[in-house]
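Summary of the model geometry
So the chains spell out like this:
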Amino acid sequence: MCSTMSRIAQLFPQRRIPQTLCAGTLNRFRSSTRNVGVFCPYRNDRGYSSESKSRYFKVSVLGASGVVAAMFGSANQTKEDTLKQHIGMCTMHLHQGEPELAKPHFEQAYELLKADMNRTRDTPIPSLKIAYLADQLGNIALQLECYREAINLYMATINGFALNGIERNNRTVTELFLKIGQIYAILGEYKLAEMSFLHCVGVTTIELARENTPNNPKVITLAGLAYEGLGKLYLTMNQAENAMNMYKSALEFAEKIFEPTDPQIPVLLNDLATVYEALEEYEKALEQVEKAIVKAKVSNKPALPTILCNKASILLFSGDLQSARSLYEEVLQTCLKTRDFETAREIKANMKILEERERLQNETLAD
């Protein structure tokens, strides 16, 4: 005999929350194909200081002699060169689809940066280049699904920036907090994820609120991504009303900065439909998912099966079992043809729940 709670679990399919809560966002932070540069979509430069700035560590703050300073500078240069070599090998192997060969190089590079991740009073201040290399290695850790290591590297980058005079409200630092929030969300550490996203929202809100300053598209993009991250986070935490507010803000920012055909817009509309469905506002959920379908057909065809599956789930929740079955069967055939096995598995799982609901409905009618 099934318990009441297990019975409920059988009748109500879990909503699909992607393993990577902001997968589209994380993809904007891929590491560079070059073995030296650091790719970041919101910076015009490659992440390095200008040639006018010293590339060596100055230790005057520690009262060290010029000789010691030169020694630290030489050590920093050697460390930079070694990190570049390992990061270059990681990048090459990842682009060739060989993560198992990239892993040893990542581990050696990570070992080189351990002192920067576990700083003491006697730890030398890293050069700005090393801080940026830590950021790039964090991106590699993300691709290797070494999430804890990625957080450590991003935090080392933030600390390295601070020690080199870059303030916490700098846009580059905000990007790092955005990535950290996304990783904490993947790990299920929702409060830490929320704090990271809220930091991004706070910094971008202040910048956008400045008078006589035109709204920077890069800042608007960052704000939208932070709101999107919070929306997915609150939906996962079953805080649907909070998620609703975040998604509406994310969609507003997306419509300001992106083209109407941007592939992220149907994804946001689909997620907004999921929030309405969680609130049992099925008409609004269907309205949003229909908008998502129309846009996905033009700008994001790979996401279309997932969006259609979501529509079928909304129909299922709303009690329109016949329409849900028809749509599930149609999308399942498409997924099997295109080898989209993840969506196909989800459809099959939900169709079992649909069958159970149909059986209960028939029993009710028979009575």
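Please refer to the structure higher up on the page.
Everything in this summary refers to the structure shown in the same document. Keep in mind it's a predicted model, so treat the numbers as computed, not measured.

Re the environment of Gly231
Tracing the backbone shows Gly231 in helix H10 (residues 217-236). Residue Gly231 is classed as buried on the basis of its relative accessible area of 0%. When the C-alpha positions of Gly231 and Asn245 are compared, they lie 7.6 Å apart, and in sequence the two are 14 residues distant. Once residues within four sequence positions are removed from consideration, Gly231 is found in contact with Ala243, Met246 and Tyr247.

Regarding helix H14 (residues 304-318)
For an α-helix the count is 3.6 residues per turn, leaving residues at separations of three or four pointing the same way. With 15 residues, H14 extends 21 Å between its outermost C-alpha atoms, agreeing within 8% with the 21 Å of an ideal straight helix rising 1.5 Å per residue. With 13 of 15 residues buried, H14 is to be regarded as a mostly interior element.

Observations concerning the nonpolar core
Membership of the largest hydrophobic core comes to 97 residues, with the highest contact counts inside it found for Phe106, Leu137 and Tyr328. Setting aside anything within four residues of it in sequence, one finds Leu137 in contact with Ile87, Phe106, Ala109, Tyr110, Leu113 and Leu153.

A short note on the environment of Ile220
Its location among the elements puts Ile220 in helix H10. Note on Ile220: relative accessible area 9%, which makes it buried. Separated by 36 residues in the primary sequence, Ile220 and Lys256 have C-alpha atoms spaced 8.0 Å apart. Beyond its immediate stretch of four places on either side in the chain, Ile220 contacts Leu208, Asn215, Phe253, Lys256 and Ile257.

With respect to the pattern of salt bridges
This structure, assessed with the given rule, holds 16 salt bridges. The partner of Asp116 in a salt bridge is Arg119, and the shortest N-O contact between them spans 3.7 Å. Of the residues examined, Asp116 reaches a relative accessible area of 7% and is grouped as buried. Between Arg359 and Glu356 there is a salt bridge, and its shortest N-O distance comes to 2.6 Å. Taken together, the residues span about one helical turn, with Arg359 and Glu356 both in helix H16 (residues 341-366) at a distance of three residues. What you see here is one network of salt bridges that share partners, running through Lys79, Asp116 and Arg119.

Quick word on the packing of aromatic side chains
For the coordinates displayed, the defined rule picks out three aromatic pairs. Their ring planes at 55° and their centres at 4.8 Å tell us that Tyr132 and Phe161 sit as a pair that is tilted. Linking Tyr132 in helix H6 (residues 128-143) with Phe161 in helix H7 (residues 147-163), this pair joins segments that are 29 residues apart in sequence. Here the two residues Tyr132 and Phe161 agree in accessibility, since each one is buried. With centroids separated by 5.6 Å and ring planes inclined at 15°, the aromatic side chains of Tyr227 and Phe253 adopt a geometry described as stacked. Of the two residues, Tyr227 sits in helix H10 while Phe253 sits in helix H11 (residues 240-257), which places them 26 residues apart along the sequence. As far as burial versus exposure is concerned, Tyr227 and Phe253 are alike and both buried.

Re the packing of H14 against helix H15 (residues 321-338)
The N-to-C vectors of H14 and H15 enclose an angle of 160°; their axes lie 8 Å apart at closest approach. When the axes of H14 and H15 are compared, the pair comes out roughly antiparallel. The chirality of how H14 crosses H15 is left-handed. On H15, the residues touching Pro305, Leu308, Cys309, Lys311, Ala312, Ser313, Leu315 and Leu316 of H14 are Leu321, Ser323, Ala324, Leu327, Tyr328, Val331 and Cys335. Considered class by class, the residues forming the contact of H14 with H15 number twelve nonpolar, two polar and one charged.

What counts, and where the lines are drawn
- Residues numbered from 1 in each chain as written.
- Predicted model: local features only at pLDDT ≥ 70, side-chain atom pairs only at ≥ 80, totals over all residues.
- Heavy atoms only, no water.
- Helix = DSSP H or I, 4+ residues; strand = E, 2+ residues; numbered from the N terminus.
- Buried < 20%, exposed > 50% of the residue type's maximum accessible area, 1.4 Å probe, protein only.
- Contact = heavy atoms within 4.5 Å.
- Expected span 1.5 Å × (residues − 1).
- Core = buried A, V, L, I, M, F, W, Y, C linked by side-chain atoms within 4.5 Å.
- Salt bridge = Lys/Arg side-chain N within 4 Å of Asp/Glu carboxyl O.
- Phe/Tyr/Trp six-rings, centres within 6.5 Å; stacked < 30°, edge-to-face > 60°.
- Axes fitted to C-alpha atoms, helices over the stretch in contact; angles between N-to-C directions.
- Parallel < 35°, antiparallel > 145°, perpendicular 65-115°, else oblique.
- Left-handed = near helix turned anticlockwise from the far one by under 90°.
- Nonpolar A, V, L, I, M, F, W, Y, C, P; charged D, E, K, R; others polar.

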